[in-house]
Structure formats: C-alpha cells, structure tokens
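Commentary on secondary and tertiary structure
This is what each chain is made of:
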Amino acid sequence: MGSVATTHLIRAREFHLASRWEEACAEYAAADAAEPLAVEDLASYAEAAQVSARGDEAVELLHRVFDLRVQADQLDEAAEVAFWVWWVLVNSNQVVEAGGWLQETTRVLGPVAAASPWLRCPEAMMQATRGDHARAGELLGSVVQDGQGEVVPWALCMWGQTLIEEGRLSEGLERLEEAMSILRRRRLSPRVTPWVYCAGVRGSCLARDFTRARAWSRSMAGWLDSLSSLGGAYLGNCRIYRSRLMCLDGAWPDALQEIAEVCGDLEGYTGWICGHAFYQLGEVRRLRGERAAAEAAYLRAAEHGCPTQPGLALLRLADGEVSAASAGVRRALTEVISKVDRLDLLKAAVTIYLEAGDVEAARGAVAEFEEIAGEQATPVIEAETATIRGALALAEDDPGRALPFLRRAVGAWQEQETPYEVATLNVLIGQACRALDDEDGARIEFTAARETFTRLGALPDLARLDAIVFPGDATSNTHGLSPREIEVLRLIAKGRPNRAIASELHLSERTVHRHVANIFTALDVDSRTAAVTYAIKHRLIEVGML
C-alpha cells in the first residue's frame, strides 16, 4: 500500500477506535480512493458508515465486503455481512429490497445461508411481525444455542422483546438481562452495542419495569456521554428512550431538548427509527400543550410508517374533539396485536370513553386490560389497573368504591417517582372527595395536582383542572386568560418576580413580561397586586393554592 493510502488508513483506524465515525469514514474513503481497501478495513469502513447513518454508502460497502468474502470462500463470514446489508435496508424502510437481498443471499450461499445463525434473525423478525411469537422464539432460541460471538446478544435482545410483546414479561426481561450482562463483560461492536442498550431500555419500558429501565438508561447514558458524536439512526434510537425516561421522571424540558435534537439529526433520513423519534416528540409536545407542534410531529411519525395512537387520540381529547379521539383509539384497537401495546391503548381508551360518556365501552376496555394485566402482576401494571378501575367507579357515581383503588394507585406511582401520573391521580381523588362532600380533602388534592402540573408545564392538564375546580363556563372562569397566563398569575400571587417566573416555567423574561401585560389588559388592572386581588375575588386562583 502506498504512503498516502497508509497515512489515511492509520488515521481512519484511530478515528474508528475513538468512535469518531464521520471522520473515520472520510479517512477510509481517502485511503480507498488511493488504493482499494483490504476486506477487514473495508468492513470497518462499512461499519462506520452504518453507525453514522450513511445508509446507502453502508450498503454499497457491505456488498463489496460480501463479494470479497464469497470470493475467498469465507461463506460463514459472508452470511454475517448479508445480515447487516438486510438490517440497513430494513432500517431505511427498503423492505422490498431487503427481501430481494435475502433471496439472492440464499442462492449465493446455499446451505450455509440456511445454517447461519445470523440469517435466522430476519426470519424470526418476520414471524414476530406476523404475530407468530412461538415460531420467532424457536428461531431465536436456536440462534442463542448454536451461535457464537455478537449474534448471541443480538438474538437475546430480539427474543426478549418478542416475549414481552407476547405478554411474557418476566421471561422477556430475563433474556434482556442476559444480553446486558454480555455487554457489561465484553466490548461489543458499535453496531451491536446500541441495539443491546436500546432493546434493554425499550423492553423494560414496555414491561413497565421502570426501575430496571432507569438503571439500564444510566448505563446507556454513560456510554453515550463517552462518544464524541451522538448523530445517526443507531444512537438516535437510544436517545429516544432516554427522552422517554426523562419525561417519566418529570424532566420535560430536558426530554424535549433531547428528542428535538434527535429529530433534527435524523432530518432527511428515512426509517422506523425516525417514526418513533417523531412520535416521542409529539408526546412531549402534547403533554406541554403545544398542540400544533404535537400534531405536526405525529404527522411526521406517520410519514415514516409509525403508529400515532394513542397520542393523537389524546391530543384530540385535549382539543375537545371527543368523537375523533374515540374513533381513533377504537380503530387502533382493531389492528394492534401486541399485548403490551394494547395495554397503552386500553388505558387511553378508558379515559376517552369516560370523557365521551360511554361508560359501557369503558367497562369493556377495563375488562380487557384486567384480563391482560392478570397474566403479569407487576407493580406498575397493578397501579395502572387500579387507576382505571377507580376512574370507572367514579364515572359510575360510586366515589366510595373509587377511592381505595385510587389511593392504592397513587402510592404505587409515588414509589415509581413519576410525578405526572401522581398528579393525574390527585385530580381523580379530589373529584372523589368532592363527590363525598369533603371539600377540604378535594382542595388538598387539587392543590397538589396544580403544583405538579405547573412545575411540569402541563398546560392541558391545568386547563382541565380549572374546569373541574371551577365548574361552569370555561371562558368566564378564566376571564379571557390562557392556561399559561393563569400559571403566570399564580406565580405572581406567590410573589415571584418575572425572572423567577421565567426560570420556573422555562420561558424567556421577555415572554413573561408579555404574559404579565396581557393579564393586566384582560383583567383591566394596572399592578401585580391588583391582578392578584382580582384573581382571588373571582376565583381564578384559590387562597389555599398559594
């Protein structure tokens, strides 16, 4: 190899080891242009391109590696390369091309393709997609038994997720734990490491094991923070779940920043990872009351082939479009097979049906949720079951029966350290207390909910709470103020200056100044003291909530 090619190749290898994959790609390309790379360096170049989301380039390079492996009669190694070609194509939504490639691989490799543990994984994924989890499990179990090297943790992750989607939560988590153990003990490649981390965090979230999800997310965060670049689909997928856990923990601004960066980084890229990223962006924006931005994010998710429910239905519900919300969640329930995904839909369906006054449909959703949940009595699933049972009892005018369910649920969510879920239960408990003529109890619960919603920036929930606390015409109750302006007014009543309000609500001081001016205009007052006096007199805020 010439001196120019050698210099570029030395740099490429150094950048690759340092996880500086974009720079590695540039140096590999320069070396390859000077003199065609040997197969091992070409494989490293392909890996760097794959991890940095240069999909077309990765496929072209992997095809070259495949051909060289076949020419050298290294057919087992060629089978592994064939898997990676398929995986890149699938992640780019090139499903037809991926299927055609597998057929070509079978023809070229012959019996080796059928025997390859790597090439059993695509068949297993196809069977799982069709709903045949048993066959998928058989295939993945054989991969774990027969395979060596990185195919084992890869298959364990796919197997674990398949079991969890089937509703076999503990078995699925055991497979994921084994994969994570391999990752902790051995240095895995940049292609496999993010897959194991993402599968572990995603699977534990699906299984409602948030304690495990947080532990694995911390481990994943340490790895991510060690990298010089967080770009590309592979790392973006990990960051999606990090954003989800931030949201669960109540760190909504951080969750929004994380997922917005991921979506920006994936702009121009295609594939299911993009769809999941935009769905998560829609979820955070929906919770914060950014309705137009949330809908735009759900639309982008749909463009990438990702389901948009139950998020879109809950967005419609927040907009008062109850019929559209009900229709959306009903439709989604007709097509979703995965048991854990059905739990999410059913939980949302109960809320939507009760808002629509369709108690009978809500009873049906609760019954199905209980049937699925009965198979796996995890603390979070038990809390979710108690929540929807309590909400249903409340709708059936039986607050006395509702309260034990709701108290049990709020205790479980407090143990999980999930402030939003606790606050939504505070609202339900407050309604039950009010129905039992316990106004003091109701006020305490509503106050707790308001404090949390305000801190999180949950504007739709604040607006809904206002409608519950101050029943009647919403416009007259708010006196023309928006939910955000009501938040600002409450903080003014607590003596907060504009700078403190801006910090607490994650706004600029200029924006807070504008909100204060709008409040003065709407209430026809000229001072902060007058605004607070007016708000207390007209029950825009309650003294007990200050």
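Everything below is about the structure shown above.
Now for a description of the structure that goes with this document. (Residues numbered from 1 in each chain as written. Predicted model: local features only at pLDDT ≥ 70, side-chain atom pairs only at ≥ 80, totals over all residues. Heavy atoms only, no water.)

A few points about the packing of helix H16 (residues 272-287) against helix H18 (residues 311-318)
Describing two packed helices takes the angle between their axes plus the distance from one axis to the other. Running from amino to carboxyl end, H16 crosses H18 at an angle of 25 degrees, the nearest separation of the two axes being 10 Å. The angle between H16 and H18 falls in the class roughly parallel. In this structure, H16 meets H18 at a crossing whose hand is left-handed. From H16, Tyr279, Glu283 and Arg286 reach across to H18, where they touch Gly311, Leu314 and Leu315. Broken down by class, the residue content of the contact of H16 with H18 amounts to three nonpolar, one polar and two charged. (Axes fitted to C-alpha atoms, helices over the stretch in contact; angles between N-to-C directions. Helix = DSSP H or I, 4+ residues; strand = E, 2+ residues; numbered from the N terminus. Parallel < 35°, antiparallel > 145°, perpendicular 65-115°, else oblique. Left-handed = near helix turned anticlockwise from the far one by under 90°. Contact = heavy atoms within 4.5 Å. Nonpolar A, V, L, I, M, F, W, Y, C, P; charged D, E, K, R; others polar.)

Describing the nonpolar core
Nonpolar side chains in soluble globular proteins generally cluster together in the buried interior. Grouped together as the largest cluster of nonpolar side chains are 172 residues, with contacts concentrated most on Phe83, Trp154, Val196 and Phe453. The greatest single-element share of this core, amounting to 12 residues, is contributed by helix H5 (residues 75-91). For Trp154, the contacting residues outside a window of four places in its chain are Phe83, Trp84, Trp87, Trp118, Cys121, Arg191, Val192 and Trp195. Counting residues in each nonpolar core, the second largest holds 20 residues, with Leu505, Ile519, Leu540 and Ile541 among its members. (Core = buried A, V, L, I, M, F, W, Y, C linked by side-chain atoms within 4.5 Å. Buried < 20%, exposed > 50% of the residue type's maximum accessible area, 1.4 Å probe, protein only.)

Examining the packing of helix H10 (residues 151-166) against helix H11 (residues 169-185)
Running from N to C, H10 and H11 point in directions that differ by 160 degrees, and their axes come no closer than 7 Å. Between H10 and H11, the angle falls in the class roughly antiparallel. Considering the relative orientation of H10 and H11, their crossing is left-handed. Each of Val152, Pro153, Leu156, Cys157, Trp159, Gly160, Gln161, Leu163 and Ile164 in H10 lies in contact with H11, whose residues at this interface are Leu169, Glu171, Gly172, Leu173, Arg175, Leu176, Glu178, Ala179 and Ile182. Classifying every residue of the contact of H10 with H11 gives 12 nonpolar, three polar and three charged.

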